[in-house]
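Coordinate inspection notes
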Amino acid sequence: TASDPQVSPDGKSLLFTRSWADPSAAKSKSAIWIADADGGDPRVFNMRSSSPRWSPDGTRVAFVSDRGEKSQLFVAPLNGGEARQVTKAKWGVSSPAWSPDGTRIAFAATIGGNTDIYVADADGKNAARITEAPEADQELAWSPDGGTIAFTSLRSGTAQIWAMNADGTGVRQLTTGTGANSAPAFRPDGRIIAFISTRDGNADLFEMGNEGADPRAITRTPETEAFPAYFPDGDLAVTVERPGRGD
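Going along each chain's sequence as written, the residues are numbered from 1 onward. Side-chain atom pairs in this predicted model are given and counted only at pLDDT of 80 or more, local residue features only at pLDDT of at least 70, and totals for whole chains, interfaces and linings cover all residues. Only heavy atoms go into the side-chain values, all of them from the structure, while hydrogens and water stay out.

1. A short note on the sheet that holds strand S18 (residues 192–197)
Paired strands, as defined in this entry, are two strands with at least two bridges between them according to DSSP. Only DSSP runs of H or I reaching four residues or more are called helices, and only runs of E reaching two or more are called strands; each is numbered from the N terminus. The sheet built from 4 strands is open, its strands ordered S17-S18-S19-S20 with antiparallel pairing. Single-partner strands in this sheet number two, and they are strand S17 (181–186) and strand S20 (216–217). Note: S18 against strand S19 (residues 204–209), 6 bridges, orientation antiparallel. When the sheet's bridge partners are listed, Ile192 is paired in S19 with Gly209.

Below is the structure:
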């Protein structure tokens, strides 16, 4: 199954996660692949890894790997070279997101039994927790102007999209209502957030203003959408899971 497409800053390439079942290990495995933006020339970028995220200048890739005991954050050069481990969180990390200037990375980490959002320098130094709620905060997106981090949280009782200033202040809820709302992604101009919602029963692609105004459905199909991501021109890439198969 291919999922979580991530468009390069120049719009020419895609990173995505490919997952498959491993009967011998009784669990699934994953690897990051890279391809042309039209899907051509797919090839492996990194094994035992997932959640790829391009650096803003397109020269590095942050990703999560379970090559140790727990999933940790790594950064690798795009054009070859050794991946460098950035975190050593006891219970692992997820959901990396680069700051627009490429100097910091936000991520979700489970410490003390709760999943919160942390921000660290791109080399892992100076990590600081910026959320502290009894419910899980994850699935991060950093706004193009650097001022806002959007995220998915269970703090209201169901999965909803929240936002805060990049230093953790000014937390506010952007989505409400029935169903789950998750996986925020900022449009390159920062004015719109794409997300996935089950408010109408199926997991469809939606867009809304960057403070939650005027949510509208982009898709209404029997398929399940996930992991929205924008091209530089504002077009959207999304994972579509068709009944009976995953694509």
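2. Some remarks on the pairing of strand S22 (residues 236–241)
Looking at chain direction, strand S21 (residues 224–230) and S22 are connected through 5 bridges and run antiparallel. Among the inter-strand pairings, Ala229 is bridged to a residue of S22, identified as Ala237. The hairpin turn running from S21 into S22, its antiparallel successor, is 5 residues long, and Gly234 in that turn takes a positive phi close to 95°.

3. Considerations on the packing of aromatic side chains
Within 6.5 Å between ring centres, the rings of Phe, Tyr and Trp (the latter by its six-membered ring) count as paired, and their orientation is classed by plane angle as stacked under 30 degrees, edge-to-face over 60, tilted in between. Evaluated as defined, the whole model comprises 3 aromatic pairs. Note that Arg155 overlies the ring of Trp162, its terminal NZ or CZ placed 5.2 Å from the centroid. Looking at Arg199, its charged tip hangs above the ring of Phe206, at a distance of 4.9 Å from the centre. Ring-over charges, as used throughout, are those where CZ of Arg or NZ of Lys falls within 6 Å of the ring centre and within 35 degrees of the ring normal.

4. Structural notes on the layout of surface pockets
Lining residues are those with an atom within 4 Å of a point, where the points come from a 1 Å grid over the protein atoms alone and group into cavities, where a 1.4 Å probe fits but cannot get out, or pockets, open sets with protein on both sides within 12 Å along at least five of seven lines. Grid points are joined across faces, edges and corners, and a volume is the space filled by probe spheres set on the points. When its volume is computed, the largest pocket comes out at roughly 1100 Å³. Put simply, the parts of the chain that give the lining of the largest pocket at least two residues each are strand S1 (2–7), strand S5 (49–54), strand S9 (93–98), strand S13 (137–142), S17 and S21. Polarity classes work like this: nonpolar for Ala, Val, Leu, Ile, Met, Phe, Trp, Tyr, Cys and Pro, charged for Asp, Glu, Lys and Arg, and polar for all others, with Gly in that last group. Residues belonging to the lining of the largest pocket are distributed by class as follows: 23 nonpolar, 11 polar and 4 charged. In this structure, the second largest pocket occupies an estimated 300 Å³ of space. Elements represented by at least two residues in the lining of the second largest pocket include exactly strand S2 (13–22), strand S3 (27–36), S5 and strand S6 (60–65).

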